[in-house]
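Per-entry structural report
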Amino acid sequence: MSCHETGDCDVDADETIALVGCPNVGKSVVFGELAEQYVDVSNYPGTTVDTTETAFGDAKLTDTPGVYGISSFDEEERVTREIVLEADAVVNVVDATQLDRDLFLTLQLLDMGIPTVVALNMMDEAEADGVDIDADALEAELGVPVVPTVAVDGEGIDELRERVPEATAPASTPVERWFDELPDDVGASRAEKTLIVEGDEPTAERVSSGAIVADGGVPALTEIGQREDVYGHRRRRVEDVVGGVLSREERDSSWAERFSDLMLDPLTGTPIALAMLGAIFYFIGVVVAQKVVDFLEITVFGEYYNPIVEGAVEGILPAASWAEPIEFMLINGNLGLLTITVQYIVGVLLPLVIAFYFVIGILEDSGMLPRLAVLTDRGLNRIGLNGRAIVPMIVGVGCVTMAVITTRMVGDRRERLISTALLGLAVPCSAQLGVIMGLLAGLGLIWWFGYLGVLLLVLGVAGLFLDRTLPGEQTPLVTELPRMRVPRPRNILRKTYNRTKMFLREAIPLFAVAAVAISALEYVGGFAVIQRVLSPVTALVGLPQEFARVLLLGLVRRDFAAAGMTDMAFTTAETFIGLVVITLFVPCILSMVMILKERDAKSALLMWVGSWVVAFGVGGLLAVIL
Amino acid sequence: MTEVLADTAPGESVSLERVPDDDVRARLLRLGFLDGAVECRHRLRKGPIVLRRNGTEMALGADLAAEIEISHARADR
């Protein structure tokens, strides 16, 4: 539960200051530099958007998701709008190399009458580009404090901190000419009036519902919006301001620009992207998911932690019959709360989460992600996704659980659903893939290609099917390409730390509950019953009844299922079918918990049932063919 | 004949005249892409098109590019 819901925030203050800016302007760096102490990351209520808070003097400083303007085009914008409407003041971070783009948001904040201080960031890059901005002239034009900064080096941060109390907004701005359209008695603040004349429906609806509706003839607030006029007028004001404060010298294109060009040309971009994805897979899927996790699981937990805890629990609990179920819950060999559950969280999940957030941080800060999206957009369009879905798919081959989190960046609800379903269904994770590759190697190369072919076919068909059946339309790719940069290690580490902390805080209780539930099922003999019930299904795919045991193991962890296959004396065709079935079969318990957390219960259940159907449907079909 | 963005070749300078999708139009307007000439930086075969204006780069999917009408900007910009 987030602190917004409970009200007892770790960061407690009367006044709130919001940090607002376009994406990739160094907002989180400015935040990190301004933060005096404890940083609190939490989920904004009812959304998948994370916000970060910290103490700032007597006030609370809140970081907001990057947006190009205050409105409601997506979930991030809605969150930022809510925070801005409640904030007492705003620090607006502006990218000096993109002044013309970023001032739209600045002028919008001032139109809304929100007390603002502008941090004119990335002054070093602007200078390298040959862009010269007269900060004093900009301050005079805008009528609010403007502080030049280079946040990654800490330059200008002290002055920014000192000038935050000077935050102000002009008493009146040209947007007011549209206020005449509003009814005289509308009970709206200047900020709300601005949003209403811009056609922001959520604001109009909220203000309407609070007002006493006058007699007929007054247009509904939702119909007043004149977004294009207001936006167009604001753009012209931006041009005027920029013309007065900025001078530009032509420079040769930088390495970043040339590299960006290489990335976006399929001839050169595809090999670069493949090499990078290979490196990511190697790092997450091989180094961390196998080497680090194996060391932790086998050595640290297998040899030291688990035996010690088991010994301690057995020593403390009396050998009475009432203690037996408790002992089972705490230390059973499948999912004991104090042993295997801790092992999964600390030994498996933690290293993967850290590695994963580290890689994502690098991809984000370097500007790689949107370029990958451009390269893969066309292919993914065919299965109802746009290019942004490439990231979950790639990360999924490393670890499906982690990939489910990245579906947040894919776009709207429909696309998140499709990508999550495909991940759960047909993307094998690296832990499982290692064992599967070993088994297939024994069968021969032709079976390996057969396996890959079947999976890609299922992926394509399932994607097409979901694209056709789900309501709504595919959202087209519309994305800004931020400049390419070498990421700063300090910022990457800071992000990784904050995100990991937040993830663990939310995930640990979920896993604990899941572990207790499964242990209880096993204790009362549920496993044997399930195995019996499953026997007709295993017969369907032409496999012996012991295969049901493999599937049960797969419910807990997918690589357990794959490993379970190695013990069984199957024929070549049986092994192949078995491997296909366990790949398509339901995702592991950790992934399921993540799907449940990120999506809703109904979608999660549908995906779970769908995995059963597809796994056995395809398995049955293969049994007939082979 | 009206020309659409999808037909633009890299290096050309064009003005976006008509963007049918309301949300996309508002987003482009906000970023200044409807203010005047924009440069076509890249076009992937049957794929997205990348536009540039004052150092800001935007990628638009192929279907979207096929419905955005353009005119060629004069050489004075």
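Definitions and limits used
- Residues numbered from 1 in each chain as written.
- Chains lettered and ligands numbered in written order.
- Predicted model: local features only at pLDDT ≥ 70, side-chain atom pairs only at ≥ 80, totals over all residues.
- Heavy atoms only, no water.
- Axes fitted to C-alpha atoms, helices over the stretch in contact; angles between N-to-C directions.
- Helix = DSSP H or I, 4+ residues; strand = E, 2+ residues; numbered from the N terminus.
- Parallel < 35°, antiparallel > 145°, perpendicular 65-115°, else oblique.
- Left-handed = near helix turned anticlockwise from the far one by under 90°.
- Contact = heavy atoms within 4.5 Å.
- Phe/Tyr/Trp six-rings, centres within 6.5 Å; stacked < 30°, edge-to-face > 60°.
- Buried < 20%, exposed > 50% of the residue type's maximum accessible area, 1.4 Å probe, protein only.
- Lys NZ or Arg CZ within 6 Å of the ring centre and 35° of its normal.
- Pairing = 2+ DSSP bridges.
- pLDDT = per-residue confidence, 0-100.
- Patch = residues over 30% accessible without salt bridge, like charges linked within 9 Å, V, L, I, M, F, W, Y side chains within 5 Å.
- Areas by Shrake-Rupley, 256 points an atom, 1.4 Å probe, with all protein chains shown as cover.
- Salt bridge = Lys/Arg side-chain N within 4 Å of Asp/Glu carboxyl O.
- Lys, Arg positive; Asp, Glu negative; His and termini not counted.
- Charge placed at Lys NZ, Arg CZ, Asp CG, Glu CD.
- Nonpolar A, V, L, I, M, F, W, Y, C, P; charged D, E, K, R; others polar.

**Brief notes about the packing of helix α21 (residues 489-523) of chain A against helix α26 (residues 589-598) of chain A**
To characterise two packed helices, one gives the angle between the axes of the helices and the distance between these axes. All names here are of chain A. For the pair α21 and α26, interaxial distance at closest approach is 10 Å and the crossing angle is 120 degrees. Considering the angle they form, α21 stands oblique to α26. At the point where α21 passes α26, the crossing takes the right-handed sense. Taking contact as the criterion, the partners of Phe503, Glu506, Leu510, Phe511, Ala514 and Ile518 in α21 are, on α26, Ile589, Leu590, Val593, Met594 and Lys597.

**A closer look at the environment of A:Gly336**
Residues and elements named next belong to chain A. Structurally, Gly336 is set in the loop between α13 (323-331) and α14 (340-366). Separated by 26 residues in the primary sequence, Gly336 and Glu310 have C-alpha atoms spaced 9.7 Å apart. Residues within four places of Gly336 in sequence aside, it is in contact with Met329, Leu330, Ile331 and Thr341.

**So, the packing of aromatic side chains**
Residue and element names in this part refer to chain A. Inspection of every chain in the model, using the stated rule, returns ten aromatic pairs over all chains. Between Trp447 and Phe576 the ring centres are 4.9 Å apart and the planes differ by 55 degrees, which places this aromatic pair in the tilted class. Pair noted here: Trp447 is in helix α20 (residues 445-469) and Phe576 is in helix α25 (residues 572-584), with a separation of 129 residues, a long-range link. Residue classification places Phe576 among the buried positions, given a relative accessible area of 4%. On the numbers, 6.0 Å between centres and 25 degrees between planes, the contact of Trp612 with Phe616 is stacked. Of this pair, Trp612 and Phe616 both sit in helix α27 (residues 601-625), four residues apart, roughly one helical turn. The pair Trp612 / Phe616 is uniform in exposure class, with both members buried. In this structure, Arg234 is placed above the aromatic ring of Phe104, and the distance from its NZ or CZ to the ring centre is 5.1 Å.

**Points about the environment of A:Ile284**
All names here are of chain A. By the secondary structure assignment, Ile284 is in helix α12 (residues 266-316). By relative accessible area, Ile284 is classed as buried at 3%. Residues Ile284 and Phe356 lie 72 residues apart in sequence; the distance between their C-alpha atoms is 6.8 Å.

**With respect to the sheet that holds strand β3 (residues 37-43) of chain B**
The strand order across the open sheet built from seven strands is β10(A)-β5(B)-β4(B)-β3(B)-β2(B)-β6(B)-β1(B), with neighbouring strands paired in antiparallel fashion. Every other strand in the sheet has two partners, leaving β10 (478-481) of chain A together with β1 (3-4) of chain B as the edge strands with one partner each. Pairing analysis gives four bridges linking β10(A) to strand β5 (residues 56-60) of chain B, with the strands arranged antiparallel. If you follow A:Leu481 over to β5(B), its bridge partner there is B:Glu57. Each of β10 of chain A together with β3, β4 (49-53) and β5 of chain B is contacted by helix α11 (residues 255-264) of chain A, which is oriented at about 55 degrees to β3(B), the strand it contacts most. Across the face of the sheet, helix α15 (residues 368-381) of chain A comes into contact with β10 of chain A together with β4 and β5 of chain B while running at roughly 135 degrees to β10(A).

**Regarding the confidence of the model for chain B**
All names here are of chain B. Looking at chain B as a whole, its pLDDT mean stands at 87, while 92% of the residues score no less than 70. Per-residue pLDDT, averaged within each element of chain B, yields its smallest value for helix α1 (residues 22-30) (89) and its largest for β4 (93). Note on the complex model: pTM 0.81, ipTM 0.91.

**Digging into a negative patch on the surface**
All names here are of chain A. Taken together, the side chains of Asp124, Glu127, Asp132, Asp134, Asp136 and Glu155 present a region of like negative charge at the surface. By the element assignment, Asp136 lies in helix α6 (residues 135-142). Look at Asp136 and you get exposed, because its relative accessible area is 62%.

**Some details on the confidence of the model for chain A**
Residue and element names in this part refer to chain A. Of all residues in chain A, 93% attain a pLDDT of 70 or more, and the chain-wide mean is 84. Within chain A, the lowest mean pLDDT, 42, falls on helix α1 (residues 3-6), and the highest, 97, falls on strand β8 (residues 146-148). Between residues 1-11, whose pLDDT stays under 50, and residues either more than four places distant or in other chains, the model counts 23 contacts.

**Some details on the packing of α11(A) against α12(A)**
Residues and elements named next belong to chain A. The geometry of α11 relative to α12 is characterised by a closest axis approach of 5 Å and an angle of 90 degrees between their N-to-C directions. With respect to α12, the element α11 is oriented roughly perpendicular. Here Phe259, Leu262, Met263 and Leu264 of α11 come into contact with α12, specifically with Pro266, Thr268, Gly269 and Ile272. Of the residues assigned to the contact of α11 with α12, the class counts are six nonpolar, two polar and no charged.

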